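Spelled out from the first residue to the last, the chains are:
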Amino acid sequence: MLSPALQTYSGAADRYDELLDAGGVVRPHWRVLLERLQADWPDSARRGVELARRLVVENGVTYNVYADPQGKDRPWALDPLPVILTAAEWREIELGVQQRATALNALLQDLYGPQRLLAEGIVPAELPFGHPNYLWPCRGLQPPEGRWLHLYAVDLARAPDGRWWVLADRSQTPSGAGYALENREIVTRIFPEVLHELGVRPVARFFGALREQMLSFAEDEEASLAVVLTPGPFNETYFEHAYLARQLGLPLVEGSDLTVRNHTVYLKTLSGLRRVHSILRRLDDDFCDPVELRGDSALGVPGLLGAARAGRVQVANALGCGVLESAAWLGFLPGAAEWLIGETLRLPTVATWWCGERPALDYVLGNLQGLVLKSAFPNQRFDAIFGRDLDDSARADILARIKRRPHAYVAQERFALSQVPAWRSTGQLALTAKAVTLRVYAVATQTGYRVMPGGLARIASESAVDVVSSQSGGGSKDVWVLSEGRAAHDTTARAAGLRASVRNDELPSRLGENLFWLGRYAERCEDKARLLRATLEARADSELWEYALAVTRDLGVIARNDNPLKNLFDAGNTLGLAADVKRFTWCAQQARSRLSTEHWRAIGVLDRQMQEITPKRSEAREILDRLLLSFAALGGFAFDDMVQDNGWRLMMCGRRLERVQFLSNLLARCLRAEHPSTQSELEWLLNITSSTMAYRSRYMASPRLSLTLELIVRDTGNPHALAFQRAELQAELERLSASVGSSLEDMLTDCYLPLVEIDMGSLEGEGQGAAYMRQTFAQGLETLAAAAGRLSDRLSLRHFSHVQDKVQTVAT
Amino acid sequence: MSSVRYRIKHETVYDYGADVVHAHQLLHLTPRQSPHQECLSHEVELCPVPGDRSEDVDAFGNRVIRIELDRPHRHLEVTAEMQVNVRERATVDAKSLPWERVRDALAYAKRPRTEQELEASRYRVESPYVHLKNAFAEFAADCFPRGRSVLACADTLMKKLHDELTYAPGETYVGTPLLDVLESRRGVCQDYSHLMIACLRSQGLSARYVSGYLRTIPRPDAPQLVGADASHAWVSVYVPPIGWIDLDPTNGMRVGTDHITLAWGRDFGDVSPLRGVIVGGGQHTLRVGVTVEVV
């Protein structure tokens, strides 16, 4: 009796089916979910799929790598139907993963210590020594509490017999835990009541344990400081690094944010160097320290290994852990575990032959047909080869290659992955069967390894595959682990609470600098867009048009002697608006870890707007309107959606300084004109400075120069006035200085005061006296703009000076 | 047996175009002690004096100095001075084990390994500067006829490299791929040594990279040796049951009292005399001077 939802779903005889038992009956622990799909079929199911798609698309913005020059976006594919595991099934996995993590930690300790397993002949020396991530300089390293493996992941697959088998171990910088959390958050919005009814165990607490582990190491009285080390925004999984850092409440840093002095790691912060106790790294082993490891890249932290050797920093995972990432280990781990921890591994492993061993080589040479061939070491890249797919000459060629360098090859038995129901990715809404693997995570704690109750399920792009490796072009699923006795599901137990304070002064200088420039570019884009829009509103045959064009040119917003509109949105024009928008999105991306999802999403919208622009004059005003709306939204996020800490202050200072410079230069340029400004020119000025409404409500008269200047220069209540910028800037600088404990000379007040003293009325009129006063006032404004520039430099010098130096490697 | 006593001065001078504000350096400039060599005195002096300096032994048994320079500088001078007594090595009979037996004995066979075997197995696999390609095995194939003793094979290979390669300073650099060296048949001691190591490892044998110095002024009856004005490099091959035998493919000779050993490792990367990371510095120039005197 198949329900309508299941009409398109069929079991398979040769593989385990997660949903249906051997008799084709829905397994009990799937029934609640199935009933939910059945109710109001297919409408509610469709709504669920659409919601998931929408949430993924929206969050997809957060996955896109903006600065990727190739523009390669990798949208995250989430199938909203989970993989469901019973409490009993999970118990086996949990115990097995805990035990395996313990054994692998012991193995690392031996490989980087006495190497007894190699001397005993239990493990071939070729496996560690031939692996590019066996780091000789790390031999003898003694990480705090003998802990090498802090975060561990294992890929599992269910065999036809119903047991979960190990496909691969992830010991270097296991990825995907952040995605697992993100999946859960999305799926929770689709099936909130099902999760509750089933008592699905929450995954967020796992991150609490990880954070605790990271903060557990401290040597002195100081509070422990832990950071997440990323290779940077160009890395394909940067999204996850930023996401993880946010979830853990730890600063996200790049190698250049850290410095090692006297065997101690420091973070370069706004207020100087702050000792770092723990590093959760997402940087590969051999890139971590260019002094002692790979010297061809300056990505890492020079001297990090020395600090680790001195026991002054905890690195998670310890440097060199990547050596275990090879299928070649699989066949040797049971023996190693017996020897190291005296236990039989609970989780079975897919049958694996390392060809460096004579009998294994002979077997592989004779049975290639039924095997999958892989490289033993990750630096020898080739895709898995399926013996059954080879023709005679290809097989002969492969066999010769294996014989020449047997120890570089591993063969594995083909493995029939289990299947789960998933929505078809195209066409009508229907369920289909897809092969699935499970990535399960464990974190070291003071009382042993703790396993995340859930994980990341990955499904193949096709329904029937027996690939042992993960599939490209597939998708992901949430993993539901049912609690024993159906404890109430606590949907609110998110990572909340762990986002506890990162102290203000722990803001990395580089991040501070990026936030400062984010503020500057946001303001610069807005100013330019408003200037352009006001200019384009002038009739092309009017005097104002010529005047506005001249000013716009003089301010460098459009090119000289050119069709002013031709290159309006050409990012190749380095002074143009489009180039500034690009710089803005670049800064935003660098500061990604500080922006909320909504904020980031709004930046994504802006970025797409810019990409969709077709340079037609008729549309220019509309484009500028839309851009200004987007920037207004971003301004709103900046005010309402960000923690007002030192990073935020720097961003606001950037905005204010930029606006001071823009307003001063604009007004000075207008005052420098031979004639006093006409009424239409003043209207234009008010338009650019968003002060038209304010003028009308205040003066209820047609614009006059003195009143216009009063409003744009001296009115402390007008958020677009110079006076307002100065007051806000002064307030933020004082807070910033108080927080980092150093003062910054007030460079604006001296330049600003003369502007206040001048009688504005004296600027009006055609007379020589008035013309002289206008020139004097213009000069005052220019002095103010220059002072703002100097203040910006001083700020940079105080907070960002150690950011700029280039790092290079040298060798003789 | 006779021995030769040397006084060696190895100077490295960096001039930077801009201030180096911070630097970490790793120095392999201390001669190794071995049955063939006794280090009588050694000293490494730095100008400016580093803020932190520590000495240690690396994973391959070499003595290393790690320094941290925490004051801005435009000039770095590293002067290593040492006195070393080099003993003549016993003449080794080329009748060692057949090379296939050495190869097979090093392969994994689920049995306990001796300390020597475990040591040898470090130098039998790919390393960062020595990738193993079929081309190396093919190039060396004629040096490894069935049943020939491993030492005879290594000697033949050394002579082959010496005969077929042209010593060509300045044409290669440390990043030049070995396949290019094989193709052009041109290079310096580093290339000769890496290529010889690649050939030996391609046959399943163990070989390590040795860095050191060469006697500058030849003995009266001997020809001028190549590579004496800077640090030199050669190869050590595992020859059971005798041990490790050093061969200099650049000069086509067994290593005797003309060679002074500094350090050894899997390849150049493990024993680079001076490597580091500097912050700032701009463009820089480097001068290296080595003098080796017999005393």
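Residues numbered from 1 in each chain as written. Chains lettered and ligands numbered in written order. Predicted model: local features only at pLDDT ≥ 70, side-chain atom pairs only at ≥ 80, totals over all residues. Heavy atoms only, no water.

Q: Would you mind showing me how to read a negative patch on the surface here?
A: Side chains of Glu11(B), Glu43(B), Glu45(B) and Glu81(B) sit close together on the surface and give a patch of like negative charge. Classification of Glu11(B) as partly exposed rests on a relative accessible area of 31%. (Patch = residues over 30% accessible without salt bridge, like charges linked within 9 Å, V, L, I, M, F, W, Y side chains within 5 Å. Areas by Shrake-Rupley, 256 points an atom, 1.4 Å probe, with all protein chains shown as cover. Salt bridge = Lys/Arg side-chain N within 4 Å of Asp/Glu carboxyl O. Lys, Arg positive; Asp, Glu negative; His and termini not counted. Charge placed at Lys NZ, Arg CZ, Asp CG, Glu CD. Buried < 20%, exposed > 50% of the residue type's maximum accessible area, 1.4 Å probe, protein only.)

Q: Is there a simple way to explain the environment of Gln609(A) in this structure?
A: Residues and elements named next belong to chain A. Here glutamine 609 shows up in helix α17 (residues 597-612). Separated by 18 residues in sequence, glutamine 609 and leucine 627 place their C-alpha atoms 7.6 Å apart. Non-local contacts of glutamine 609, meaning those with residues more than four positions away in its chain, are made with Arg626, Leu627 and Ser630. (Helix = DSSP H or I, 4+ residues; strand = E, 2+ residues; numbered from the N terminus. Contact = heavy atoms within 4.5 Å.)

Q: Can you help me understand the pattern of salt bridges in this one?
A: All names here are of chain A. Applying the stated criterion to the full structure yields 68 salt bridges over all chains. Of the charged contacts, one joins glutamate 92 and arginine 346 as a salt bridge, the two residues approaching to 3.3 Å between their closest N and O atoms. Within this pair, whereas glutamate 92 is found in helix α3 (residues 87-111), its partner arginine 346 is found in the loop between α11 (333-341) and β11 (352-354), the two being separated by 254 residues in sequence. We note a salt bridge from aspartate 715 to arginine 698, for which the minimum N-O separation is 1.8 Å. Here the residue aspartate 715 occupies a position in the loop between α22 (705-714) and α23 (722-740), and arginine 698 occupies one in helix α21 (residues 692-699), the gap between them amounting to 17 residues. Owing to a relative accessible area of 14%, aspartate 715 belongs among the buried residues under this scheme. Taken together, the shared-partner salt bridges connect Glu523, Glu526, Asp527, Arg530, Arg655 and Arg659 into one network.

Q: Looking at this model, I keep getting lost on empty space enclosed by the protein. Mind explaining?
A: Once rolled over the atoms, a probe with the size of a water molecule shows which space is left empty. All told, the structure shown has 15 cavities of 30 Å³ or more when counted by the stated rule. If you trace the largest cavity, you find 14 residues lining it, with His263(A), Gly303(A), His24(B), Arg66(B) and Ile67(B) closest to the centre. (1 Å grid on protein atoms, 1.4 Å probe; cavity = no way out; pocket = protein on both sides within 12 Å on 5 of 7 lines; lining within 4 Å. Points joined across faces, edges and corners; volume = space filled by probe spheres on them.)

Q: Is there a simple way to think about helix α8 (residues 205-215) of chain A in this case?
A: Since there are 3.6 residues in each turn of an α-helix, residues three or four apart along the chain are aligned in direction. Burial runs high along α8(A): 8 of the 11 residues are buried. Looking only at α8(A), the buried set comprises Phe206(A), Phe207(A), Gly208(A), Ala209(A), Leu210(A), Arg211(A), Gln213(A) and Met214(A).

Q: Any chance you could explain the pairing of strand β18 (residues 456-459) of chain A here in plain terms?
A: In this sheet, β18(A) lies alongside strand β16 (residues 431-445) of chain A in antiparallel orientation, the contact comprising 4 bridges. When the bridges of β18(A) are listed, Arg439(A) appears paired with Leu456(A). (Pairing = 2+ DSSP bridges.)

Q: Just checking my understanding: could you explain the interface of chain A and chain B for this structure?
A: The extent of an interface is frequently quoted as the accessible surface area lost upon association of the parts. Counting residues at the interface gives 44 residues for chain A and 44 residues for chain B. Overall, the association of chain A and chain B removes approximately 3600 Å² of surface from exposure, summing both partners, and the carbon and sulfur fraction of that is 53%. On the chain A side of the contact with chain B, Trp136(A), Val810(A) and Thr812(A) bury the most area, a combined 22% of that side's loss. Counting across the chain A and chain B interface gives 4 salt bridges. Here Arg405(A) ties to Glu126(B) by a salt bridge, and the two come within 3.9 Å at their closest N and O atoms. Linking chain A with chain B are 18 residue pairs in polar contact (both at pLDDT 80 or more). Going through the elements one at a time, α4 (116-120), α5 (126-129), β6 (258-261) and β20 (807-811) of chain A are the ones with two or more residues in the side of chain A that touches chain B. At 5 residues, β20(A) tops the list of elements feeding residues into the side of chain A that touches chain B. Two elements, β20(A) and strand β13 (residues 274-280) of chain B, share 5 bridges in a ladder whose sense is antiparallel. (Buried area = accessible area lost by both parts, 1.4 Å probe. Polar contact = N/O pair within 3.5 Å; in protein donor to acceptor, adjacent residues only side chain to side chain.)

Q: What exactly am I supposed to notice about the pairing of strand β3 (residues 164-170) of chain A here?
A: Each regular strand carries side chains that alternate between the two faces of the sheet. All names here are of chain A. Most of β3 is tucked away, with 5 of its 7 residues classed as buried. As paired strands, strand β2 (residues 151-158) and β3 are joined by 6 bridges and run antiparallel to one another. When the bridges of β3 are listed, valine 154 appears paired with aspartate 169. Taking the residues between adjacent antiparallel strands as the criterion, β2 and β3 are bridged by 5 residues, where glycine 162 takes a positive phi near 95°.

Q: Sorry if this is basic, but what is going on with the packing of aromatic side chains here?
A: Between two aromatic rings, the relevant description is the distance of the centres plus the angle of the planes. As enumerated under the stated definition, the model contains 28 aromatic pairs over all chains in all. Each ring, one from Phe332(A) and one from Tyr108(B), has its centre 5.6 Å from the other, and the planes form 80°; the classification is edge-to-face. With one member in each of two chains, Phe332(A) in the loop between β10 (314-316) and α11 and Tyr108(B) in the loop between α1 (99-106) and α2 (115-121) form a pair that bridges those chains. Of the aromatic side chains, those joined through ring pairs into one cluster are Tyr112(A), Phe129(A), Tyr134(A), Trp136(A), Trp148(A), Phe60(B), Tyr123(B), Tyr238(B) and Trp244(B). Here Arg208(B) stacks its cationic end above the ring of Trp244(B), 3.9 Å away from the centre of that ring. One residue, Arg208(B), lies across the ring of Trp264(B), its end atom 3.9 Å from the ring centre. (Phe/Tyr/Trp six-rings, centres within 6.5 Å; stacked < 30°, edge-to-face > 60°. Lys NZ or Arg CZ within 6 Å of the ring centre and 35° of its normal.)

Q: What exactly am I supposed to notice about the sheet that holds β10(A) here?
A: The pairing of strands in a sheet happens through backbone hydrogen bonds and is either parallel or antiparallel. Residues and elements named next belong to chain A. Spatially, β5-β4-β9-β10 is the arrangement adopted by the 4 strands of the open sheet, whose pairing is parallel. Here the strands that pair on one side only, and so sit at the sheet edges, are β5 (252-253) and β10. Here 3 bridges tie strand β9 (residues 278-281) to β10, and the two strands are oriented parallel to one another. For leucine 280, the partnering residue across the bridge sits in β10 and is alanine 316.

Q: Hey, could you run me through the domain arrangement of chain B in this one?
A: Residue and element names in this part refer to chain B. Segmenting chain B into domains produces domain 1 (3-88 + 272-294) and domain 2 (99-263). Each of domain 1 and domain 2 was reduced to a C-alpha centroid, and the two centroids are 25 Å apart. In this assembly, 23 residues from domain 1 lie in contact with 18 residues from domain 2. Buried area between domain 1 and domain 2, summed over both chains or domains, comes out near 1600 Å², and the portion from carbon and sulfur atoms is 60%. Put simply, domain 1 and domain 2 have 0 salt bridges between them. Run the count over domain 1 and domain 2 and you get 6 residue pairs in polar contact (both at pLDDT 80 or more). Counting residues per element, the ones that place at least two in the side of domain 1 that touches domain 2 are β1 (3-27), β5 (73-87) and β14 (284-294). Partitioned by chemical class, the residues of the side of domain 1 that touches domain 2 number 14 nonpolar, 6 polar and 3 charged. (Domains from an automatic or database assignment. Nonpolar A, V, L, I, M, F, W, Y, C, P; charged D, E, K, R; others polar.)

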